[in-house]
Structure formats: C-alpha cells, structure tokens
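Letter by letter, the chains look like this.
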Amino acid sequence: MQQVAEMTNIDGKGTPSWLDLRIAEKLKMTIEEQQAYRKLHWNEIQTRVKALDERMEKCEVLISDEDEIADMVSKDRREHYEKSLGH
C-alpha cells in the first residue's frame, strides 16, 4: 500500500495526486491553449486513444439496462442458493 501511495503522491494529508494536478493544469488552460496543445500532441493523443480502444475491446460489454442487471443478480443468488442446498 505504501508503494501505491508513493506512486500516486497520496500521503493521507489531503495532498492531491499527480492525476489531480494534471487535470487541474489542463482545466486552467484557455481554449486557445487547449487547441494549441491538441495540435502539438495530436499524434500522441491518437496513439493513446487507439491503445485504450484496443484494451476496451477485450473487456466484456457493460450492461446498462437495470432489468438485465437485476436478472443477473437474481440468477447468481439462485445458483448460490441451489449450491448451498446440494452440500
């Protein structure tokens, strides 16, 4: 845990993490600065987006319908109950 806290710059005293600092830095940029940054780093941004897309394709499809989620939970509980009866 300490290594994770050191890597993310969390000391438990409310110190913002590196991600919080980076986000805050980007939010302070004007629209013109954001556009210039995007033009300057476009290839890097595209590479990172493509890598993220590839990782997301390997993940299971997220379920957004509440009824589907309820059905899956119910099915899982029923399976666990049936297993408990069998043992």
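Predicted model, so just to flag it, every value in this text is computed and none were measured.

Enquirer: An account of the overall build of the protein chain is requested, with residue identities and associated values reported.
Expert: Check the secondary structure of the protein chain and you find five helices and zero strands. Reading the helices (α) and strands (β) of the protein chain from amino to carboxyl end gives α-α-α-α-α. Here the protein chain, with 87 residues, has 2% of them falling under the buried criterion. Of the roughly 8,600 Å² of accessible surface on the protein chain, a fraction of 56% belongs to carbon and sulfur atoms.

Enquirer: So what about the confidence of the model for the protein chain? Which residues, and what values?
Expert: In this model, the protein chain carries an average pLDDT of 79, and 77% of its residues clear a pLDDT of 70 or more. For the protein chain, per-element mean pLDDT is lowest for helix α1 (residues 2-7), which scores 48, and highest for helix α3 (residues 31-40), which scores 91. Here residues 1-5 is a poorly scored stretch, pLDDT under 50, and it has one contact once near neighbours within four places are set aside; other chains count.

Enquirer: Describe a negative patch on the surface, and please don't skip the residues or the numbers.
Expert: Where like charges cluster on the molecular surface, the negative patch consists of Asp65, Glu66, Asp67, Glu68 and Asp71. Looking at the element boundaries, Asp67 is found in helix α5 (residues 66-86).

Enquirer: Quick one: what's the story with the packing of aromatic side chains, residue by residue and with numbers?
Expert: In total, this model carries zero aromatic pairs according to the counting rule given. A cation sits over an aromatic face here: Lys26 above Tyr37, 4.1 Å from the ring centre.

Enquirer: Tell me what's going on with the pattern of salt bridges, and back it up with residues and numbers.
Expert: Applying the stated criterion to the full structure yields two salt bridges. Here Glu25 and Lys26 are joined by a salt bridge, their closest N and O atoms 4.0 Å apart. The shortest N-O distance in the salt bridge between Arg48 and Glu44 comes to 3.7 Å. On the criterion of helical spacing, the pair formed by Arg48 and Glu44 is a turn pair, its members being four residues apart in helix α4 (residues 42-58). Relative accessible area serves as the criterion here: at 48%, Arg48 is assigned to the partly exposed category.

Enquirer: How would you summarise a nonpolar patch on the surface if you had to cite specific residues and measurements?
Expert: The grouping of Trp18, Leu19, Ile23 and Leu27 at the surface amounts to a nonpolar patch, some 430 Å² of accessible area in total. With respect to the element layout, Leu27 can be found in helix α2 (residues 18-27). With relative accessibility at 67%, the residue Leu27 sits in the exposed group.

Reading the values: the criteria
Residues numbered from 1 in each chain as written. Predicted model: local features only at pLDDT ≥ 70, side-chain atom pairs only at ≥ 80, totals over all residues. Heavy atoms only, no water. Helix = DSSP H or I, 4+ residues; strand = E, 2+ residues; numbered from the N terminus. Buried < 20%, exposed > 50% of the residue type's maximum accessible area, 1.4 Å probe, protein only. Areas by Shrake-Rupley, 256 points an atom, 1.4 Å probe, with all protein chains shown as cover. pLDDT = per-residue confidence, 0-100. Contact = heavy atoms within 4.5 Å. Patch = residues over 30% accessible without salt bridge, like charges linked within 9 Å, V, L, I, M, F, W, Y side chains within 5 Å. Salt bridge = Lys/Arg side-chain N within 4 Å of Asp/Glu carboxyl O. Lys, Arg positive; Asp, Glu negative; His and termini not counted. Charge placed at Lys NZ, Arg CZ, Asp CG, Glu CD. Phe/Tyr/Trp six-rings, centres within 6.5 Å; stacked < 30°, edge-to-face > 60°. Lys NZ or Arg CZ within 6 Å of the ring centre and 35° of its normal.

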